[in-house]
Amino acid sequence: MLQVQFIRQNKELVLERLAVKNFADAATLVEEVLALDEQRKKLTLDYDETQAKVNSASKEIGKLMASGDKSGAESRKLEVAAFKQALGPINEQLGATEKLLHDTLVRLPNLPGSTVPKGRTPEENVEVRRGGVIPTLAAGAVPHWDLAKQYDLIDFELGNKITGSGFPVYKNKGARLQRALISYFLDFNTAAGYNEMLTPFMVNETSAYGTGQLPDKEGQMYYMPEDNFYLIPTSEVPVTNIYRDEILKESELPVKMTAYSPCFRREAGSYGKDVRGLNRLHQFEKVELVQLVHPDKSYTTLEEMVAHVEKLIQSLGLPYRILNLCGGDMSFASAQTFDFEVWSAAQQKWLEVSSVSNFETFQTNRMKVRYKDENGKNVLVHSLNGSSLACPRIMATLLENNQTPDGILLPEVLHKYFGTDRIA
RNA sequence: GGUGAGGUGCCUGAGAGGCCGAAAGGACCGGUUUGCUAAACCGGCGUACGGGUCAAACUGUACCGAGGGUUCGAAUCCCUCCCUCACCGCCA
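Residues numbered from 1 in each chain as written. Chains lettered and ligands numbered in written order. Predicted model: local features only at pLDDT ≥ 70, side-chain atom pairs only at ≥ 80, totals over all residues. Heavy atoms only, no water.

Colleague: Quick rundown of the protein's contact with RNA strand B? Include the residues and the values.
Modeller: Neighbouring residues of RNA strand B: 18 residues in total, closest Arg40, Asp48, Ser58, Lys84 and Lys372. In the interface set of RNA strand B, defined as its atoms within 4 Å of the protein, sugar plus phosphate atoms amount to 74%. Contributions of two or more residues to the surface near RNA strand B are made by α3 (26-66), α4 (70-105) and β14 (370-372). Per element, the largest residue contribution to the surface near RNA strand B is ten residues, and it comes from α3. When the residues that make up the surface near RNA strand B are grouped by side-chain class, the tally is six nonpolar, five polar and seven charged. (Near = heavy atom within 4 Å. Helix = DSSP H or I, 4+ residues; strand = E, 2+ residues; numbered from the N terminus. Nonpolar A, V, L, I, M, F, W, Y, C, P; charged D, E, K, R; others polar.)

Colleague: Can you break down the domain arrangement of chain A residue by residue, with the values?
Modeller: When its domains are assigned, chain A resolves into domain 1 (4-105) and domain 2 (122-423). With centres defined by C-alpha atoms, the gap from domain 1 to domain 2 works out at 43 Å. Across the boundary between the two partners, domain 1 contributes four residues, which contact eight residues of domain 2. Surface buried jointly by domain 1 and domain 2 totals about 370 Å² across both partners, of which 46% is contributed by carbon and sulfur atoms. Summed over the three residues of domain 1 that lose the most area to domain 2, namely Val20, Lys21 and His102, the buried surface amounts to 82% of that side. Linking domain 1 with domain 2 are zero salt bridges. The interface formed by domain 1 and domain 2 holds four residue pairs in polar contact (both at pLDDT 80 or more) in total. For the side of domain 1 that touches domain 2, the per-class residue count stands at one nonpolar, two polar and one charged. (Domains from an automatic or database assignment. Contact = heavy atoms within 4.5 Å. Buried area = accessible area lost by both parts, 1.4 Å probe. Salt bridge = Lys/Arg side-chain N within 4 Å of Asp/Glu carboxyl O. Polar contact = N/O pair within 3.5 Å; in protein donor to acceptor, adjacent residues only side chain to side chain.)

Colleague: Summarise the layout of surface pockets; cite the residues concerned and give the values.
Modeller: Computed from the structure, the largest pocket encloses a volume of approximately 1400 Å³. Lining the largest pocket are 49 residues, and of these Arg265, Glu267, Asp339, Glu352 and Ser355 sit closest to its centre. Going through the elements one at a time, β10 (283-293), β12 (336-344), β13 (349-360), β16 (382-390) and α12 (391-401) are the ones with two or more residues in the lining of the largest pocket. At nine residues, β13 tops the list of elements feeding residues into the lining of the largest pocket. Partitioned by chemical class, the residues of the lining of the largest pocket number 17 nonpolar, 15 polar and 17 charged. Here the second largest pocket defines a volume of roughly 500 Å³. Listing elements by their share of the lining of the second largest pocket, those giving two or more residues are α5 (144-150), β2 (154-155) and α6 (156-162). If you tally residues by element for the lining of the second largest pocket, the top one is α5, at four residues. (1 Å grid on protein atoms, 1.4 Å probe; cavity = no way out; pocket = protein on both sides within 12 Å on 5 of 7 lines; lining within 4 Å. Points joined across faces, edges and corners; volume = space filled by probe spheres on them.)

Colleague: Help me get a handle on the sheet that holds strand β11 (residues 320-324), residues and values and all.
Modeller: The eight strands lie next to each other as β1-β11-β12-β13-β16-β10-β9-β4, forming an open sheet whose pairing is mixed. A single partner strand is all that each edge strand has here, and the edge strands are β1 (126-131) and β4 (195-197). Taking each pair of neighbouring strands and ignoring which way they run, the sheet shows an average axis angle of 25°. Note that β4 and strand β9 (residues 255-264) share three bridges and pair parallel. Counted as the bridge partner of Glu196 is Thr258 from β9. (Pairing = 2+ DSSP bridges. Axes fitted to C-alpha atoms, helices over the stretch in contact; angles between N-to-C directions.)

Colleague: Account for the side chain of Thr258, naming residues and giving values.
Modeller: Structurally, Thr258 can be placed in strand β9. Among the residues examined, Thr258 registers a relative accessible area of 1% and is labelled buried. Of the polar contacts made by the side chain of Thr258, one reaches the side chain of Asn189; its length is 3.0 Å. With residues up to four places along the chain from it excluded, the contact list for Thr258 reads Leu186, Asn189, Thr190, Tyr194, Asn195, Glu196, Met197, Val287, Glu288 and Leu289. (Buried < 20%, exposed > 50% of the residue type's maximum accessible area, 1.4 Å probe, protein only.)

Colleague: How would you summarise the packing of aromatic side chains if you had to cite specific residues and measurements?
Modeller: Evaluated as defined, the whole model comprises seven aromatic pairs. Taking the centre distance of 5.7 Å and the plane angle of 55° together, the rings of Tyr184 and Tyr417 count as tilted. Here the residue Tyr184 occupies a position in helix α7 (residues 172-191), and Tyr417 occupies one in helix α13 (residues 412-418), the gap between them amounting to 233 residues. Like Tyr417, Tyr184 is buried. Residues Tyr223 and Tyr230 carry aromatic rings whose centres are separated by 4.7 Å and whose planes lie at 35° to one another, so their mutual orientation is tilted. With relative accessibility at 38%, the residue Tyr223 sits in the partly exposed group. An aromatic cluster is built from Tyr184, Phe185, Phe188 and Tyr417, whose rings are joined through pairwise contacts. Its guanidinium or amino end placed over the ring of Tyr194, Lys256 lies 4.7 Å from that ring's centre, counting from NZ or CZ. (Phe/Tyr/Trp six-rings, centres within 6.5 Å; stacked < 30°, edge-to-face > 60°. Lys NZ or Arg CZ within 6 Å of the ring centre and 35° of its normal.)

Colleague: Describe the packing of helix α2 (residues 11-20) against α3, with residues and values.
Modeller: Where α2 meets α3, the axes come as close as 10 Å, and the angle between the chain directions of the two elements is 150°. In terms of orientation, α2 lies roughly antiparallel with respect to α3. The crossing of α2 and α3 is right-handed. Taking contact as the criterion, the partners of Lys11, Val14, Leu15 and Leu18 in α2 are, on α3, Ala26, Ala27, Val30, Glu31 and Leu34. Residue composition of the contact of α2 with α3, by class: seven nonpolar, no polar and two charged. (Parallel < 35°, antiparallel > 145°, perpendicular 65-115°, else oblique. Left-handed = near helix turned anticlockwise from the far one by under 90°.)

Colleague: Describe in detail the environment of Phe284, supporting the description with residues and values.
Modeller: On the secondary structure map, Phe284 appears in strand β10. On a C-alpha basis, the gap between Phe284 and Tyr222 in space is 14 Å, while along the polypeptide they are 62 residues apart. Setting aside residues up to four positions removed in sequence, Phe284 forms contacts with Ser261, Pro262, Cys263, Arg265, Ala390 and Pro392.

Structure, rendered in structure tokens:
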């Protein structure tokens, strides 16, 4: 959520930036916000002044009663009654205004950072760089769903039986490879100074709101009405919420965390295309990175995180490209996002395996995550997160790209986690 | 699931209708003292939204789990909800 104060002081900039995101109702909403904010201030002042009169009169009544002046007290009571009568409607209006202001404010997306490219569609994302070597597969190479069957690694039909489509069962070496990936990713991250967390896989409404999943994406999350919990679509939600309502010391920044979790996504409306095999699932394994940093450092941190994820992909020997997402393709809450895609050689297409974003104060304003600066003022920190990495698509590309007549050759970094150097 | 006890500031913990934004201690920050470390002593130390100011000082309102109610006045009384703890039951 944007800060009203910021909008008030930087209206032109806000409109300009929102145009980069191709956000249609920007001008109308911004005007609405400013008008409501103005109204809120007026009503607040009015309320405060009247309430102050009530408070001071009440104090006097106390003193009059104590000194035995009953009639004096009674006449003051009548005054208070008049003030309170005025207070009722003011309070009502104030409440309504505040709610409307808030509801309007949450409809505004985050402002894209200064290096976000203009554009509307994924085709307008800007490729930053590529790495790795795209393999040439031998004749007869097959996609990962065939390999999964051939080596008995994943059983999709079994998942259908137990739950439904999009919930695969990993078996034998497939299960072991998933576990190896998770362990390797976590170790790689902790070696870089990230603290490992293992959080709940369900969150309450407040947490889902904090990171921006609500009110925007409730349709994408699994929901348990009995307990009012949501299954997490990413561990970003519980991990970032660890610091909700906290005021940090400047010396505690940056906060660096990494967490494994399964991720649950309803993926409503995305049936059909691209859902084959491991490409798009309702439950998948992922290791996530989250950082809370000083506002001056978030873009440096964003670069660091991109470099970190890049090293991880390189260590797996996968061909990849990094995209600077254009305004139109970025998420609602993000100020800048870099997507990582790896080349799936048998499917002949790029698969997104990581998305690294700077949210600036968009999430921390909702969550009230602040630090105390040298002047003792509380200032919102910036939050960032990124996948490191989404396991199923990594597994898919590892299988496809490394298939040989002698089995699937695994990158060296995985050998000690997997136990052997190949799936044969 | 049952029964009981509770939710007060960074923490512990008092307060039981007005003198309470809240005692006291600890932690933390600043200072004095001090061979060093420590101790002692003095001072400071919540958040949000407003007014005010170049900035401060200063000042208003709200906040003692959340939301309502009673009252001139609520941390304190009443109602609803949420949560925590203890014991029992069940159980990985």
